[in-house]
Amino acid sequence: MSTNKRLVIGEGFISGYISIFLGVLSILAVFCFHYPEFFTTPEFREVYTGEMMKAILMGVIIASFFFATLSFLLSNKKQLAVIGILLSALAIALGGFNVQPRSVDKTLWHIGLDWLLIDLLLLSIIFVPIEMAFPKNKNQSRFHEEWRTDLVYFVISHLFVQFFGVITQAPAKLLFGRVGLDQIHAWVQSLPFAVEFLLALFVTDLFQYWAHRIFHSHVYLWRFHSVHHSTRAMDWLAGSRTHFVDIFVTRSISFLPLYICGFSEIVFNTYIIFVSIHAVLIHANTSINFGFLKYIFVTPQFHHWHHCEDPAHYGKNFAIHFPLIDRIFGTYYLPGNVWPETTGVKEGNYPKGYLRQLVYPFTKSPFDNDLNMDDSSKR
């Protein structure tokens with residue numbers, strides 16, 4: 001099966017890949033149950049219950065067997081089905097049907113394997129069917145040449161959620177930790193939920209807008225942010241391709257208003273969930289234009305123009321949630337129902353793979369060898 005060929009329903013390949021995907025998730029989830037101190041995130045353990053996760057694990061294992069069987073029946077090539085069955089069987093052998101939730105001791109460190117598995121399962125359930133049913137680029141394969149790199153970015157950002165959380169919150173705590181903000185917090189938390197939530201979205205978007213715009217206008221910072229723009233295959237994983245420097249600066253700046261305003265826990269958690277899903281949506285390979293809502297909230301069409309490869313449209317649509325912010329500062333561009341023909345960075349040259357892209361901007365420019373980037377930095 002060519003990785004450049006778009007998968008077709010009914011040939012057994014889709015069900016085979018789904019089976020393998022669910023089988024891998026099942027095995028990793030079993031380790032979360034066996035070693036929760038090191039593979040689960042304390043903040044998320046307060047949201048879900050062990051029994052809930054056990055039920056989901058059993059459902060995922062059964063689903064993996066189901067799709068493996070379906071693939072076996074539909075496809076002339078049985079390799080995918082066999083691999084899916086073996087992975088599911090291994091999950092059961094490791095105790096997938098017999099895991100027992102237990103109390104968890106506090107540890108100094110952990111990796112967010114539970115957060116990775118939950119988010120990966122949820123987002124794939126939402127966006128893979130959407131991209132299959134309503135694709136923008138109908139010729140783009142699920143397994144295009146860059147999907148592995150984007151998946152690595154996705155995995156690392158989730159596994160090291162503790163590390164990223166600590167370093168991105170540090171500047172806000174350092175700057176405002178000793179400032180009396182109790183009255184501001186009390187007033188903000190007294191607002192109705194919907195008002196408080198929209199306020200959280202707007203103030204963080206305002207801060208992110210300028211952080212985002214600075215990354216585009218500053219020559220050296222553009223080195224790092226251009227990595228995010230380097231993918232030509234926009235899909236639900238593409239938004240994960242973000243350099244560590246970009247993550248640190250942007251998240252640190254966007255956390256400032258969250259820390260100063262002191263939004264309630266339910267609003268903060270809702271904000272995290274919304275941002276996680278919305279950030280994936282706006283990069284997705286989908287032609288859905290959302291009608292009049294695209295003038296209120298950032299949609300895939302709006303953000304794809306930001307990723308447009310044509311230099312004539314550089315420097316547009318920096319907002320993450322509200323196009324109004326781009327209207328205010330003169331960077332709005334949304335031409336009816338027209339989409340950009342291509343996305344990516346036309347003048348850039350990037351190495352392949354996560355580690356190479358991590359190191360490269362520190363040592364070389366993706367554009368030239370002497371930092372003569374005045375025109376390119378206006379992206």
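- An unreviewed UniProt entry lists the protein under the name Sterol desaturase family protein, with Xanthocytophaga flava given as the organism.
- Per UniProt, the protein carries the Subcellular location (unreviewed entry) text "Membrane".

### A word on the UniProt feature "domain: Fatty acid hydroxylase" (unreviewed entry) in the protein
And then number 1: If you check UniProt for "domain: Fatty acid hydroxylase" (unreviewed entry), the listed places come out as residues 197-331 in our numbering.
And then number 2: In this annotation, residues 197-331 is assigned 60% helix and 0% strand; the end-to-end C-alpha distance for the span is 25 Å.

### Section: the packing of aromatic side chains
And then number 1: Scanning the model with the defined rule gives 25 aromatic pairs in all.
And then number 2: When the ring of Phe66 is compared with that of Phe67, the centres are 5.2 Å apart and the planes differ by 75°; the resulting orientation is edge-to-face.
And then number 3: Residue Phe67 is classed as partly exposed on the basis of its relative accessible area of 23%.
And then number 4: Here the aromatic rings of Phe193 and Phe197 are separated by 6.2 Å at their centres, their planes lie at 0°, and the arrangement is stacked. Of the two residues, Phe193 and Phe197 are both situated in helix H10 (residues 193-217); the distance of 4 residues between them amounts to about one turn of the helix.
And then number 5: Here the basic side chain of Lys78 rests over the ring of Phe72, its NZ or CZ set 4.7 Å away from the ring centre.
And then number 6: Between Arg251 and the ring centre of Phe164, over which it is positioned, the NZ or CZ distance is 5.9 Å.

### Focus: helix H11 (residues 219-229)
And then number 1: Among the 11 residues of H11, 8 are classified as buried, and the element is accordingly described as predominantly covered.
And then number 2: Looking only at H11, the buried set comprises Trp222, Arg223, Phe224, His225, Ser226, Val227, His228 and His229.
And then number 3: Residues of H11 that are buried sit in contact with helix H7 (147-159), H10, helix H12 (244-261), helix H14 (300-306) and helix H16 (354-363).

### Structural notes on the environment of Tyr153
And then number 1: Its location among the elements puts Tyr153 in helix H7.
And then number 2: For Tyr153, a relative accessible area of 3% corresponds to the buried category.
And then number 3: Once the C-alpha coordinates of Tyr153 and Ser365 are considered, the two residues, 212 residues apart in sequence, prove to be 21 Å apart.
And then number 4: At 2.8 Å, the side chain of Tyr153 forms a polar contact with the side chain of Gln357.

### Section: the UniProt feature "transmembrane region" (unreviewed entry) in the protein
And then number 1: The sites that carry the UniProt feature "transmembrane region" (unreviewed entry) are, in the present numbering, residues 12-36, 56-73, 80-97, 109-130, 151-172 and 184-207.
And then number 2: Between the C-alpha atoms that bound residues 151-172 the distance is 30 Å, and the span itself is 95% helix and 0% strand.
And then number 3: Secondary structure across residues 184-207 divides into 88% helix and 0% strand, with the first and last C-alpha atoms of the span separated by 18 Å.

### A closer look at a nonpolar patch on the surface
And then number 1: Taken together, the side chains of Val24, Leu28, Phe31, Tyr35, Phe38, Leu90, Leu94, Leu108 and Trp109 make up a nonpolar region of the molecular surface, amounting to roughly 840 Å² of accessible area.
And then number 2: With 3 residues, the single largest contributor to the nonpolar patch is helix H1 (residues 13-34).
And then number 3: Tracing the backbone shows Trp109 in the loop between helix H5 (79-93) and helix H6 (113-133).

### Remarks on the packing of H10 against helix H13 (residues 265-281)
And then number 1: Packing of H10 against H13 leaves a shortest axis separation of 10 Å and a crossing angle of 55°. It follows that H10 is oblique to H13 by the angle criterion. Read as a crossing pair, H10 and H13 show a hand that is right-handed. From H10, Phe193, Glu196, Phe197, Ala200, Leu201, Thr204 and Gln208 reach across to H13, where they touch Ile266, Val267, Thr270, Tyr271 and Phe274.

### What about the environment of Phe318?
And then number 1: Position of Phe318 relative to the elements: it lies in the loop between H14 and helix H15 (323-329).
And then number 2: With relative accessibility at 3%, the residue Phe318 sits in the buried group.
And then number 3: Through-space distance from the C-alpha of Phe318 to that of Arg45 is 34 Å; in sequence the pair is 273 residues apart.
And then number 4: Ignoring any residue separated from it by four or fewer positions in sequence, one finds Phe318 in contact with Tyr209, His212, Arg213, His216, His306, Asp326 and Thr331.

### Observations concerning the environment of Met52
And then number 1: Within the element layout of this structure, Met52 appears in helix H4 (residues 50-74).
And then number 2: Exposure remark for Met52: the relative accessible area of 40% places this residue in the partly exposed category.
And then number 3: Considered as a pair, Met52 and Gly262 are 210 residues apart in the sequence and their alpha carbons are 30 Å apart.

### Considering the pattern of salt bridges
And then number 1: Taken as a whole and judged by the stated rule, the model has 4 salt bridges.
And then number 2: Between Arg102 and Glu37 there is a salt bridge whose closest N-O contact spans 2.8 Å. Separated by 65 residues along the polypeptide, Arg102 in the loop between H5 and H6 and Glu37 in helix H2 (residues 36-39) bring together distant segments of the chain.
And then number 3: The buried category is assigned to Glu37, whose relative accessible area is 11%.
And then number 4: The salt bridge partner of Glu146 is Arg241, with a shortest N-O separation of 3.4 Å. Residue Glu146 is found in the loop between H6 and H7, and its partner Arg241 is found in the loop between H11 and H12; the two are separated by 95 residues along the sequence. Accessibility classification places Glu146 together with Arg241 in one group, the buried group.
And then number 5: Through salt bridges with shared partners, one network takes in Glu146, Asp150 and Arg241.

How each quantity is defined
Residues numbered from 1 in each chain as written. Predicted model: local features only at pLDDT ≥ 70, side-chain atom pairs only at ≥ 80, totals over all residues. Heavy atoms only, no water. UniProt positions renumbered as here; feature names shortened; annotations may be inferred. Helix = DSSP H or I, 4+ residues; strand = E, 2+ residues; numbered from the N terminus. Phe/Tyr/Trp six-rings, centres within 6.5 Å; stacked < 30°, edge-to-face > 60°. Buried < 20%, exposed > 50% of the residue type's maximum accessible area, 1.4 Å probe, protein only. Lys NZ or Arg CZ within 6 Å of the ring centre and 35° of its normal. Contact = heavy atoms within 4.5 Å. Polar contact = N/O pair within 3.5 Å; in protein donor to acceptor, adjacent residues only side chain to side chain. Patch = residues over 30% accessible without salt bridge, like charges linked within 9 Å, V, L, I, M, F, W, Y side chains within 5 Å. Areas by Shrake-Rupley, 256 points an atom, 1.4 Å probe, with all protein chains shown as cover. Salt bridge = Lys/Arg side-chain N within 4 Å of Asp/Glu carboxyl O. Axes fitted to C-alpha atoms, helices over the stretch in contact; angles between N-to-C directions. Parallel < 35°, antiparallel > 145°, perpendicular 65-115°, else oblique. Left-handed = near helix turned anticlockwise from the far one by under 90°.

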